[in-house]
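Observations on the three-dimensional arrangement
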Amino acid sequence: MLICVILAFALTGIRLFGINPYIVISGSMEPTYPTGCVIYVKPVSAAEVKVGDPITFTLNAEGTIGTHRVVEVDEENKCFYTKGDNNEDADGKPVPFANLLGTPVYHIPKLGYFADFISHAPGMYVAISGGAVLIMLTFLPDLFAKEEPKKETGKNPQKKKGGKYLK
């Protein structure tokens, strides 16, 4: 049960602190961020980003998200030029400052595979069923436990008979 709580916090609860998790689906940033890892991105302003920093940003109007390293900051045109660590060439399009989501602060390898699995059917059904089974296993033993008869401790020798106490 504790593992489930930790996983739930790692995948969604961390948002309470302003940090957003994203799943890495390509190898463009390997070995820094391997495919299948979850990266945790902290929002930052464009002024805080320096050359060499990895940034997470929206790529297009459809909302596709990417993470690459900044190779140049163009203050005049308000954009970043980026490149994946595992790519030969820099990206063809600059990233406008407005598309900046933040910088990755931490990552957990392979957690993205699990997160992706439980985000879609049938993995979602497996996760819900597994959670229900864990809850049942936690509470079922208490429901079916036999109540043991209470033994007299000898501290109070009085017994009730016919509504009166006897010694």
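Strand order across the open sheet formed by 7 strands is β1-β2-β7-β3-β4-β5-β6, with antiparallel pairing between neighbours. In this open sheet, the two strands that pair with only one neighbour each are β1 (20–23) and β6 (95–96). Sheet topology note: the strand β2 (residues 38–42)/strand β7 (residues 100–108) ladder contains 5 bridges and is antiparallel. Bridge assignment links isoleucine 39 to a residue of β7, and that residue is histidine 107.

This paragraph deals with a nonpolar patch on the surface. Residues Val133, Met136, Leu137, Leu140, Leu143 and Phe144 make up a contiguous nonpolar surface patch of about 640 Å² in total accessible area. Looking at where leucine 137 falls in the secondary structure, it is placed in helix α3 (residues 123–144).

What follows deals with the pairing of strand β3 (residues 54–58). With 4 of its 5 residues buried, β3 lies for the most part within the structure. For β3 and strand β4 (residues 65–74), the ladder comprises 5 bridges, and the chain directions are antiparallel. The residue of β4 that forms the bridge with threonine 56 is threonine 67. Between β3 and β4, which pair antiparallel in sequence order, lie 6 residues; one of them, glycine 63, sits at a positive phi of approximately 90°. Both β3 and β7 contribute to a ladder of 2 bridges, which runs antiparallel. For threonine 56, the partnering residue across the bridge sits in β7 and is glycine 102.

In this structure, Val44, Ala46, Val49, Ile55, Phe57, Val70, Phe80, Val95, Phe97 and Leu100 together form the largest nonpolar core, which totals 10 residues. By size, the runner-up hydrophobic cluster in this structure holds 7 residues, among which are Met29, Tyr33, Cys37 and Ile39.

Quick notes on the rules
- Residues numbered from 1 in each chain as written.
- Predicted model: local features only at pLDDT ≥ 70, side-chain atom pairs only at ≥ 80, totals over all residues.
- Heavy atoms only, no water.
- Pairing = 2+ DSSP bridges.
- Helix = DSSP H or I, 4+ residues; strand = E, 2+ residues; numbered from the N terminus.
- Patch = residues over 30% accessible without salt bridge, like charges linked within 9 Å, V, L, I, M, F, W, Y side chains within 5 Å.
- Areas by Shrake-Rupley, 256 points an atom, 1.4 Å probe, with all protein chains shown as cover.
- Salt bridge = Lys/Arg side-chain N within 4 Å of Asp/Glu carboxyl O.
- Buried < 20%, exposed > 50% of the residue type's maximum accessible area, 1.4 Å probe, protein only.
- Core = buried A, V, L, I, M, F, W, Y, C linked by side-chain atoms within 4.5 Å.

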